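# Observations on the three-dimensional arrangement
Okay, here's what each chain looks like letter by letter:
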Amino acid sequence: MNHRTALISPLLPLALYGAAVALIVCGMVVTSHFAGGRRKHRPTTPPYESGMTPTGSTHIHLSVSYYLVAMFFLIFDLEAAFIFAWAVSLKQAGWSAFVEMLVFVGVLMAGLGYLWHEGALDWGPSARRSKSKPREESSLQARGDDVRQD
Amino acid sequence: MMLVWLIGIPLLGGVLAWAAARVHPRASQVLSIAALGIDLCLALWLRGSHVQALTQSGAWIAQVQWPWIPRMGISVHLAMDGLSLLLVVLTLFLGIMSVAVSSSDVRDRPGFFHLNVLWSISAMIAVFMALDLFLFYVAWELMLVPMYFIIALWGSENRIRAAVKFFVFTQASSLFLLIAILGLYFVHGNATGNYSFDYAALLHTALSHRAGVWLMLGFFLAFAVKLGVFPFHGWLPDAYGEAPLAGSILLAGVMAKTGAYGLIRFCLPLFPQASNSFSLAAMILGAAAIVYGALMALGQTDLKRLIAYTSVSHMGFVLLGIYVWGQLSLQGVVLQMISHGITAGALFMIAAGLEKRIGTRDITRYGGLWHVTPRLGGITLVFALALMGLPGLGTFVGEVLILLDTFRLSIPLAVIPIAGTVFAVVYSLWMVQRIFMGESAPRPHIADCRGRELLSLGIMAALIVWLGVYPKPFLDTSAPAVTELRQSAPEARPVITSPRELLARGLP
Amino acid sequence: MNLENLMLLSPFIAVALASIAVMLAATLWKTRFPALLITVVGLGAGLASTGALVGRAPAAVTPLLLINGYSLYFSGLVLACSLGVALLSMGYFARREQGPVQFCLFLLLSTLGAMVIASSSHFASLLLGLELQGAGLYPLAAYARFTPASIEAGIKYLVPSTVASAFLVFGMALVYADSGVMDFGSIAAIGRAPAMSLLMTVGLLMILSGAAFKLALVPFHLWTPDVYQGAPAPATAFVATVSKAAVVGLLMRFFAPFTDHGSNAVAASLWALAIASMFAGNLLALRQENIKRIIAYSSIAHMGYVLVAFLCGTALGIVSATYYVTAYAITALCALAVVSLLSHAKETESLADIRGLALRRPLVAFLFAVAMMSLAGIPFTVGFIGKFYVLSAGVQSRVWPLTFSLAVSSAIGLYYYLRVVIVMYRHPAPASEKDAGPSAMAGMSRPLSAAGMIALGTAGVLLVCFGVYPGPLFDFIAWMVGS
């Protein structure tokens, strides 16, 4: 019994809050359904694009390189955050931290070198075509050309 | 050390035979027979050189023990007494016979075939000599694997299904044996502080009634499945029927005996009280198996399945005799096992010979063969008479000894098997009649048996007569072992004096 | 971070350094061989340094990792299995256009993650290890990315695995919310207390479901057959050995305090998982025609057997479970090594592909048959000894429902192991049916890779050695794990 009350008491406000949220949202939807006016004209259905009439398909394909760039940015940006934290406390952390940071940056460099060698940084189509591995690259290339829309 | 050689020679011989098959298929067969022959000589020499030991009750003929997994109290403990010796000799004898006669139907991979036959023989010998329960279980399981290959690779049409059924049935039951062994091990270890799988140590474990009954049932299940006792015999006709000749001989002649041996050596002595309270049920099962097997044999048209069901019937006698647990009945069980091994082996050889000649195992398509193959017919008649237990043949002595002791225990229990033997007369004589008498279907010329076939069948016929006329050497060999076993577990002997009390006690 | 700690971390450092070296080697040399060599050397060095640490007093390296006999044993097991997989991949990729560099990289990272899991003593390190191991595994499963099956395997592993991780993290959060601790020692103390709060129970169950997913216990097993089938054979071997061993190590270390008294919800769930896995795994394997799928379902059942020993809650139970995992890892490695060795352009994986194998390659067929016998628990194989120890733990603790479930389900399992064995020893299908698979037949006459044969041979020898004379290994495990 003790356990149950101990458990319920902190959760009770949360539950009440959730119920209130659900009630209000439902209320808003139901009220607008009954109180709001409805129009069914042609211009109300298409998506709004700054006054322009939309063209082309809504399913836009982006080049794979786009995701690569995004991922590399995320990875290397995160490393920068670590280095920043170390940099502001350089003196307190001392030499051992310096060595550790060297190791860290070394690992990062190795990774960068590897990516470079793999051709992950060659974003232009021409640079990739000159790479050696024929089978993999050609099929990747074909897929890349396929999906590029612009 | 002799005992290790007894197991090791077939193992080595198997490898040699496998290698020799690359040179010439015949060489592999000759090598196998040689290895088994040497082994047989070794076993007989053990018998001869230890006559002294046999006369002193309870003395083992030979014994070896090395530690194996000391932490769990497991050791390699092999020992041999008269009972083991007789069964080992039977195994080797039937092994030689099965290798000798099965050359013609093993054209495919003869080396691998002989490897499997010899290894399964080696494992069966180990089963008969292991006195450490863990070692016993290992050997018990290992004898299945080569036999599985023998059935599945060289059997007849439905071989794979039969082999899998055989393996799954026996392995499932033996897992319960393993659990029961472990249960006994821990009960004994917890009580005494001596954790050991050794037979001698476990022999007088004090068990509560409930624990005893459960553990005993674990043992009984595994042994009963191997023996082909009536409700657990589902795999048996398929396996016996589909196996190649050597497989059938070893299955019926030896492997079924491992179940009986397990009951005699382990199940009753280890759990005397529990066995006592179970014995009535077991004896009824045995008596039922005698009648059931005989009736089923009457309805078979496949010759090999017919022989398989007669095995069920004969193993019913064995089960009955074991649970009567008297000096006479156990001696009878030993004789029954040996003579059944020889009879069943010979009948399977005859069945294989007929199948080769006529091209079918369907008994309804035989008929009128006596004119063409009189020698084969004569020998078949001898074994058919052995099957029904004619005086002067081995099975008669075994059955009479079992029934005598049963009679002293309870008259109704002895009457049912006698009714079963009446059916035995019918199926065995009818079998001969359907094969050799009557109208002869038009068929091309058939050769009578001669050469190797005649020699091996003749030896077996001579043996079965010897067993029937002068069984004393066999009985003398097993007597000390049987006495010792009975003395170690006198409580296992059931006491049923009259039918009235039988009814009053009710079924356990 | 003093020298002592660096010493204790040396196995981790060796593997981490190897992964960096693989990247550098890939930029410096064009050939594929250095990457494989570095991987093998790195894993070997990790194994050697693990061996050098044996016998030291247990020590906590930061609050995150606890290096003791137990963690060292499982790290060593993980490293040894990983070494086997690396050797297999040498032969496997020699026959393919696709390079092995990234495979080695992911293999090393995933191994590192598995080692962290086995040594973790804190939620943070556990999560780190699990994610590192998982992140390496997804691309390993999808490595043959020009075959749809492999891509499917990768996705099928990735998506549920992420969900499982979410459950795990949520469970950790609930446990932390209730107790305010995240290290295993304090949680174990809560586990030994007589009663547990509801929040704690829910949290622990969520953690359990995450672990159960990684072990593919029923009902968290749905990904298993497709991943095993689609992944390249060495990757399958990795999933079957390394990832299982590490998670079993974690499971036993983390949940052991909760199995002492079987009345709580965690122990009851573990019982249910064990029984369901044993039966479902064996029953579902019955109708399979694909060797990798058979091994997948059998792995489900085998993890159920491990749980049986673990649930005994005794010292013998833990040692038996560890022995069983070791036995299973050796056996699975042996079996999948055969699949990997026989595979060429197309994976050799259906039962029809190996029909008549014993006539063409007697040694390989024999080893595969022995591996199947070991999975089935036939004497003189390590699998039998493992099952014997598991059963003895079960009988000793009198957990009869689990013990009998094990006996019955493993008898069911015999059926499909025997099928695989007998197919190899039959004659090849007659020529009229053979026209579908000329490539399969052609692959049978190729020479096999030496490195792969070394891995297979070692696994096979260990399988028989520990099956015939298991005493020393059992004593070693008892000494390592018992501490």
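Residues numbered from 1 in each chain as written. Chains lettered and ligands numbered in written order. Predicted model: local features only at pLDDT ≥ 70, side-chain atom pairs only at ≥ 80, totals over all residues.

## Considerations on the overall build of chain A
Tallying secondary structure elements over chain A gives five helices and zero strands in all. Listed by position from the N terminus, the elements making up chain A come as α-α-α-α-α. (Helix = DSSP H or I, 4+ residues; strand = E, 2+ residues; numbered from the N terminus.)

## Brief notes about the overall build of chain C
When you go through chain C residue by residue, the secondary structure sums to 22 helices and two strands. For 483 residues, the compact-globule formula gives about 23 Å, and the C-alpha radius of gyration of chain C, at 21 Å, lands near that figure. Structurally, chain C occupies a C-alpha span of about 70 × 55 × 40 Å along its principal axes. Counting only residues that meet the buried cut, chain C has 61% of its 483 residues in that class. (Rg over C-alpha atoms; globule rule 2.2 N^0.38 Å. Buried ≥ 20, exposed ≤ 12 C-beta atoms within 10 Å, placed from the backbone.)

## Structural notes on the arrangement of the chains
The highest contact count of any of the two pairs of chains in contact belongs to chains B and C. You won't find any contact between chain A and chain B; their C-alpha atoms come no closer than 41 Å. (Contact = placed C-beta atoms within 7 Å.)

## Section: the interface of chain A and chain C
Chain A puts 10 residues into the contact, and the matching count from chain C is 10 residues. Broken down by secondary-structure element, the contributors of at least two residues to the side of chain A that touches chain C are helix 1 (2-35) and helix 3 (90-118) of chain A. Counting residues per element, the side of chain A that touches chain C draws most heavily on helix 3 of chain A, at seven residues. In terms of residue class, the side of chain A that touches chain C is built from four nonpolar, five polar and one charged. (Nonpolar A, V, L, I, M, F, W, Y, C, P; charged D, E, K, R; others polar.)

## Here's the deal with the nonpolar core
Ala139(B), Tyr148(B), Leu319(B), Val22(C), Val78(C), Tyr324(C) and Ala337(C) are the most contacted members of the largest nonpolar core, which totals 412 residues. Sorting elements by how many residues they give to this core places helix 14 (residues 315-342) of chain C first, with 21 residues. Sequence-distant contacts of Ala337(C), that is, excluding residues within four places in its chain, are made with Leu88(C), Ala237(C), Gly452(C), Ala455(C), Leu456(C) and Ala459(C). (Core = buried A, V, L, I, M, F, W, Y, C linked by C-beta atoms within 7 Å.)

## A short note on the packing of helix 4 (residues 69-94) of chain C against helix 22 (residues 471-482) of chain C
All names here are of chain C. Closest axis-to-axis distance for the helix 4/helix 22 pair is 6 Å, and the angle between their directions is 130°. Our classification of the angle between helix 4 and helix 22 gives oblique. Each of Gly-69, Tyr-70, Leu-72 and Tyr-73 in helix 4 lies in contact with helix 22, whose residues at this interface are Ile-477, Met-480 and Val-481. Of the residues assigned to the contact of helix 4 with helix 22, the class counts are six nonpolar, one polar and no charged. (Axes fitted to C-alpha atoms, helices over the stretch in contact; angles between N-to-C directions. Parallel < 35°, antiparallel > 145°, perpendicular 65-115°, else oblique.)

## Some thoughts on helix 2 (residues 64-88) of chain A
An ideal rise of 1.5 Å per residue puts 36 Å on 25 residues; helix 2 of chain A measures up with 37 Å between its terminal C-alpha atoms. In terms of burial, helix 2 of chain A is a largely surface element, zero of the 25 residues being buried. (Expected span 1.5 Å × (residues − 1).)

## What about unusual backbone geometry?
Backbone geometry follows two general trends: most residues other than glycine have a negative phi, and most peptide bonds adopt the trans configuration. Residues and elements named next belong to chain C. Geometrically, the link from Val-218 to Pro-219 is a cis peptide bond, its omega value of 10° lying close to zero. Its identity is not glycine, yet Arg-398 carries a phi of approximately 55°, on the positive side. Inspection of the secondary structure assignment puts Arg-398 in the loop between helix 17 (382-397) and helix 18 (400-425). By C-beta crowding, Arg-398 is classed as exposed, having 10 other C-beta atoms within 10 Å.

## Things to note about the pairing of strand 2 (residues 74-80) of chain B
Residue and element names in this part refer to chain B. The element strand 2 is extensively covered by neighbouring structure, given that five of its seven residues are classed as buried. Across seven bridges, strand 1 (residues 62-69) lies against strand 2 in antiparallel orientation. Residue pairing for strand 2: Pro-67 is matched across the bridge by Ser-75. Between strand 1 and strand 2, which pair antiparallel and follow one another directly, the connecting turn spans four residues, one of which, Gly-73, has a positive phi of 70°. (Pairing = 2+ DSSP bridges.)

## Digging into the interface of chain C and chain B
At the interface, 20 residues of chain C touch 24 residues of chain B. Listed by contribution, the elements that provide at least two residues to the side of chain C that touches chain B are helix 17, helix 18 and helix 22 of chain C. Top contributing element to the side of chain C that touches chain B by residue count: helix 18 of chain C, with nine residues. When grouped by side-chain class, the residues that make up the side of chain C that touches chain B number 14 nonpolar, five polar and one charged.

## Here we look at helix 7 (residues 148-179) of chain C
In this model helix 7 of chain C runs 46 Å from its N-terminal to its C-terminal C-alpha over 32 residues, within 8% of the 46 Å that 1.5 Å per residue would give. Phi turns positive, to about 75°, at Gly180(C), one or two residues after helix 7 of chain C.

## A closer look at the confidence of the model for chain A
Residue and element names in this part refer to chain A. Chain-level pLDDT for chain A is 75 on average; 75% of the residues reach the 70-or-more range. Looking across chain A, the model is least confident in helix 5 (residues 134-147), with a mean pLDDT of 41, and most confident in helix 3, with 88. In the model, residues 128-150 has pLDDT below 50 throughout and makes 15 contacts with residues more than four positions away in sequence or in other chains. (pLDDT = per-residue confidence, 0-100.)

## Remarks on the environment of Ala191(B)
Its place among the elements puts Ala191(B) in helix 8 (residues 159-192). Taking the C-alpha atoms as reference, Ala191(B) lies 58 Å from Leu454(B); in sequence the two are 263 residues apart.

## Regarding the packing of helix 4 of chain C against helix 11 (residues 233-255) of chain C
Residue and element names in this part refer to chain C. Two elements in contact, helix 4 and helix 11, have axes whose closest approach is 9 Å; the angle formed by their N-to-C orientations is 175°. In terms of axis orientation, helix 4 runs roughly antiparallel to helix 11. Contacts between helix 4 and helix 11 involve Tyr-70, Phe-74, Leu-77, Val-78, Cys-81, Ser-82, Val-85, Leu-88, Ser-89 and Tyr-92 from the first element and Ala-233, Pro-234, Ala-237, Phe-238, Thr-241, Val-242, Ala-245, Ala-246, Gly-249 and Arg-253 from the second. Residues that form the contact of helix 4 with helix 11 fall into these classes: 15 nonpolar, four polar and one charged.

## Observations regarding the confidence of the model for chain C
All names here are of chain C. Per-residue confidence for chain C gives a mean pLDDT of 89; residues scoring 70 or more make up 95%. Low pLDDT (under 50) marks residues 432-442, which in the prediction has eight contacts with non-local residues, meaning those over four places away or in another chain. Interface confidence for the predicted complex, given as ipTM, is 0.91, next to a pTM of 0.88.

## What to know about the environment of Glu131(C)
Within the element layout of this structure, Glu131(C) appears in helix 6 (residues 123-141). Note: C-alpha distance between Glu131(C) and Ala45(C) (86 residues apart in sequence) is 24 Å.

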